[in-house]
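Residues per chain, in single letters:
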Amino acid sequence: MSEQNETNEETTPTAAVDTIAEDTPIEGEVAEQIVKQINSEGEGHPPIPEELALLPLRDTVIFPVLVAPIAVGRENSVKLVDEAVAKGDRIIAVVAMKDSSIENPTAADIYPMGVAVVIRMMAKVPDGIRMIVQGIARIQIQQITGEEPYLKARVKVIESKTEIAPEDALEIEALRRSISDMFPKIVGLSSNMPDELAGLSSSIDDPAVMTDLIAAHMPIGAEDKQRILETVDLKARMTSLLELMSKEMQVLELGSKLQSQVSSEINKTQREYYLREQIKAFQKELGEGDERGEELDELRAKIAEAHMPEDALKEANREIDRLQRMSPGAPDYTTTRTYLDWLVAMPWDKSTEDNLDIPSVKKTLDDDHYGLEKIKDRILEYLSVRKFKPEGDLRQPILCFTGPPGVGKTSLAKSIAGAMGKKFVRISLGGVHDESEIRGHRRTYIGALPGQIIQGIKRAETNNPLFVLDEIDKVGADHRGDPSSALLEALDPEQNSTFRDNYLDVNFDLSRVLFVTTANQLDTIQPALRDRMEIIELSGYTEEEKTQIAIRHLVPKQVAEHGLTNVTFTEAAVKALVRGYTREAGVRGLERQIAAVCRKATREYAEGRTRAMKIDPARIEKYLGAPRFEYEEVAERTEQPGVVTGLVWTPVGGDVVFIEASQMEGGKGLQLTGQLGDVMKESAQTALSYIRAHAAALHISPDFYEKSDLHIHVPAGAVPKDGPSAGVTMASAIASLLSGRPIKPALAMTGEVTLSGKVLPVGGIKEKVLAAKRAGIKTIILPERNRKDLMEDIPEDLRRGMSFIFASNVHDVIEAALQPLDMPKPEKSAKSTPRLKTMESAPPSVDSVGSVPSSA
């Protein structure tokens, strides 16, 4: 214990009050030195002065004759010890504090009785002083004579009476024997007292010394020890100690008994079972009720009302019979009861009635979401089939909404649930790696629960909710299993009627659940899982769709959230936000910009404005600053030969990219930069081979590659890029560089190129056209075989103001994209911006290479 307290003191060297190690016996070499010192000094200490310095102790009481270590850390206490040693008598008074939490104790914070001690050994340490003291005699504080730099007091020595009155001798001897017999038992039962203390009581004959030493070593509180210290009368002191020892003995015996009970719990459980059976028989004879029996009867009634299928009912009855034979204290009792609660809480036959009023459902969907006609048509088709086939098995569709973030996939699913009158349940699968999250844990594990699907069905309290599995493309897999594989059963209409959760271990019918999944991209979804779902793509919104969504939904929502009642947005202001401050596939960024405008307006009203406010484009620019996205970038980047604008697809929508080509002295070298993937690098090699093979037809020197190197770079080098759709763009960039012909203004392209010069179709046409529209592109070159995608996926209002050129070979692309040889290069000046605006306002031209006019 001394070592432990010394370590604690080292961690707090600047303690506000002095602390003392627990007063365990001093053993070993230190004890031998003290004994030698005491013997050499006769009495072992000089006379006790009338005035002593007081050293307050925290949670510790020193008794006469006791030898104990003390660690002193406070500056004034260190001074107290130094002066006591310097004077030569080495005697100070130690007193216990009433409240150990006080930082700076005063005379009112210490007990009136303490012990005079003599400093036997002392050593200076970095954090103060370590010393060993021995108690001499009890002292009574008569008067405080000083408080600075430390407490001083005039004291009275309480002399210990060595003579015992004849009438008390018999009783004191009885108390001594009782204490002497009980102390070894306490040492044996206590885990905190060393076995060497057991012989302490038998080695001391003086009852006063024995009482003080045993009190010092007893595991009792400081208040109890202080009460014994203040009890001067020996008989009363021994009586108080014996009472405390008896109480401690009872506590230790009870703790030992509890340990024995725990070790024999298995045998006791069996014994309790027979006793409880007898009690049941007695209660039955007496006509008294049994609370546990009533609980089981209530549980049986719930099982009957749940209308479970046959296999679930059989399992429930088996478990409740097992529960009836089990003791409530058994480890499996709570597990079995929790399992039965899950069984009876499942909605085995509870369902909601679908709303089959087709016009009403269509109106609800249109009110909640603008556009998204494909998904709305699919839901209305499903309800139409339900309307004409209300009975019998109907295969529920497993829908997967895929598209960029912010296009309303999850909110649309919630709107569908409301329109159809279904309960809505959503779980997020993003970052899920554990198969048990889907199928649940087996009941053998502590804290086992069903999977998220069964938990969601229970929360819905119906067996036909609309269940959204959000972010299904972000499911992971590790050593705990593959959640995607666990979803195969749940999302297969041919199998999910017998879905078996690991926790329930009975079949649950999921065939009536309308599952809707959402994803940003399909590549990361397991092929077998993707095959089970009906993919519905949600492309990015057009400018007109964003404007209508903002006017109908976003602006009213933000105005209401900011507490504005007399603020209105003009349509021109909303279009200014869409065009100049956002460039995204969805509308989350647009909503944030609308919220920023509302905050600015709210501040104006908070500062004293009272008039109504109309938000127009000028106020938008005042609040948000200059527009961040402008169309001039396309014109500026493509003014010089070798730079061509391409169109790419990303998981968050389409985007434009500028592919740059440069020529330098060298020999037949091709350098590709921009963190390109293998497919994109091969497209660049194919484009270069085609240009070399058809150099003469493209008005390029045939030996251009003999003494020069080419470098193709795709900016935004920190972003990985891959795919074949940049093939025609790279071929056009090389042809533009080597022929010296810049690309035509406001033109972009996409398409895969082959070695023979064919232009193959690519995907993501709608996203790419939307990105071109946002960037101010007026002319787009597409593969001929993508003509049908343009006509089906791109609405007429989006095509208005743009020209589309459909090409079958690379030569047609280059001739349509590059300016004629005799056309002068555009000047690199600020006048390029007005030229672009003029082209923007002019009607689009019709190219001879399979072009589609703006009215198409």
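Residues numbered from 1 in each chain as written. Predicted model: local features only at pLDDT ≥ 70, side-chain atom pairs only at ≥ 80, totals over all residues. Heavy atoms only, no water.

## So, the environment of Asp 109
The topology assignment puts Asp 109 in the loop between β4 (91–96) and β5 (113–125). Asp 109 gets classed as buried once you look at its relative accessible area, which sits at 17%. (Helix = DSSP H or I, 4+ residues; strand = E, 2+ residues; numbered from the N terminus. Buried < 20%, exposed > 50% of the residue type's maximum accessible area, 1.4 Å probe, protein only.)

## So, the pattern of salt bridges
Proximity of charged atoms lets side chains of opposite charge pair with each other. Under the definition given, this model contains 36 salt bridges. Linking Arg 443 and Glu 319 is a salt bridge whose minimum nitrogen-to-oxygen distance equals 3.5 Å. Here Glu 319 lies in helix α10 (residues 310–324) and Arg 443 lies in the loop between α15 (436–439) and α16 (452–460), a separation of 124 residues in the sequence. Residue Arg 443 is classed as partly exposed on the basis of its relative accessible area of 24%. The exposure class of Glu 319 is buried, given its relative accessible area of 3%. A salt bridge links Glu 815 to Arg 741; the nearest nitrogen and oxygen atoms lie 3.7 Å apart. Linking Glu 815 in helix α29 (residues 810–817) with Arg 741 in the loop between α25 (727–739) and β21 (747–749), this pair joins segments that are 74 residues apart in sequence. (Salt bridge = Lys/Arg side-chain N within 4 Å of Asp/Glu carboxyl O.)

## Thoughts on helix α12 (residues 358–368)
Inspection of α12 places Ile 358, Val 361 and Leu 365 among the buried residues, and these make up the whole buried set. Within α12, the buried residues cover an arc of 65° as seen down the axis, which keeps them to one side. When the buried face of α12 is taken as reference, the exposed residues oriented beyond 90 degrees from it are Pro 359 and Lys 363. Buried positions along α12 lie against α13 (373–388) and α14 (409–420). (Arc of directions from axis to C-beta. Contact = heavy atoms within 4.5 Å.)

## Observations concerning the packing of aromatic side chains
As enumerated under the stated definition, the model contains five aromatic pairs in all. Between Trp 342 and Tyr 503 the ring centres are 6.5 Å apart and the planes differ by 75°, which places this aromatic pair in the edge-to-face class. In this pair, Trp 342 sits in helix α11 (residues 331–345) while Tyr 503 sits in the loop between β11 (499–500) and β12 (507–508), placing the two residues 161 residues apart along the sequence. Judged by centre distance (5.1 Å) and plane angle (55°), the ring pair of Trp 348 and Phe 508 falls under tilted. Residue Trp 348 is located in the loop between α11 and α12, and its partner Phe 508 is located in strand β12; the two are separated by 160 residues in the primary sequence. Neither Trp 348 nor Phe 508 differs from the other in exposure class; each is buried. Taken together, the aromatic side chains of Tyr 339, Trp 342 and Tyr 503 make up a single cluster linked through ring pairs. The ring of Tyr 339 carries Arg 443 above its face, with NZ or CZ at 3.8 Å from the centroid. Stacked on the ring of Trp 342, the Lys or Arg Lys 458 has its end atom at 3.9 Å from the ring centre. (Phe/Tyr/Trp six-rings, centres within 6.5 Å; stacked < 30°, edge-to-face > 60°. Lys NZ or Arg CZ within 6 Å of the ring centre and 35° of its normal.)

## Digging into the nonpolar core
Judged by nonpolar contacts, the single largest core of 54 residues is most densely connected at Val 94, Met 131, Phe 183, Ile 214 and Met 245. In terms of residue count, helix α7 (residues 234–263) provides more of this core than any other element does, eight residues in total. In this structure Ile 214 touches Ile 179, Phe 183, Leu 200, Ser 201, Leu 241 and Met 245, once residues within four positions along its chain are discounted. One finds Tyr 333, Val 425, Leu 491 and Phe 515 within the second-largest nonpolar core, a separate group that totals 52 residues. (Core = buried A, V, L, I, M, F, W, Y, C linked by side-chain atoms within 4.5 Å.)

## Section: the pairing of strand β7 (residues 152–158)
Of the strand pairs in this sheet, strand β2 (residues 51–57) and β7 are connected by three bridges, and their pairing is antiparallel. For Leu 52, the partnering residue across the bridge sits in β7 and is Ala 153. In this structure, strand β6 (residues 128–146) lies alongside β7, joined through seven bridges in antiparallel fashion. Along β7, the bridge assignment pairs Arg 138 with Ile 158. Remark: five residues form the turn of the hairpin made by β6 and β7, two consecutive strands paired antiparallel. (Pairing = 2+ DSSP bridges.)

## Structural notes on the sheet that holds strand β8 (residues 399–402)
Strand order in the open sheet formed by five strands is β9-β10-β13-β8-β14, with parallel pairing between adjacent strands. Looking at which strands have only one partner, the edges of the open sheet turn out to be β9 (424–428) and β14 (534–537). The sheet shows a mean angle of 20° between the axes of neighbouring strands, direction not considered. Both β8 and strand β13 (residues 514–519) contribute to a ladder of four bridges, which runs parallel. The residue bridging Leu 399 from the neighbouring strand is Val 516, located in β13. (Axes fitted to C-alpha atoms, helices over the stretch in contact; angles between N-to-C directions.)

## As for the confidence of the model for the protein
For the protein, the mean per-residue pLDDT works out to 80, and 86% of the residues sit at or above 70. Long-range and interchain partners of residues 825–856, a stretch whose pLDDT sits below 50, account for 56 contacts in this model, where long-range means more than four residues apart. (pLDDT = per-residue confidence, 0-100.)

## Comments concerning the packing of α13 against α14
Two numbers describe how α13 lies on α14: the axes approach to 12 Å, and their chain directions differ by 30°. Put simply, α13 runs roughly parallel to α14. Helix-helix and strand crossings are classified by hand; for α13 and α14 the assignment is right-handed. Contact residues: α13 offers Ile 375, Ile 379, Tyr 382 and Leu 383, while α14 offers Leu 412, Ile 416 and Met 420. The class makeup of the residues in the contact of α13 with α14 is seven nonpolar, no polar and no charged. (Parallel < 35°, antiparallel > 145°, perpendicular 65-115°, else oblique. Left-handed = near helix turned anticlockwise from the far one by under 90°. Nonpolar A, V, L, I, M, F, W, Y, C, P; charged D, E, K, R; others polar.)

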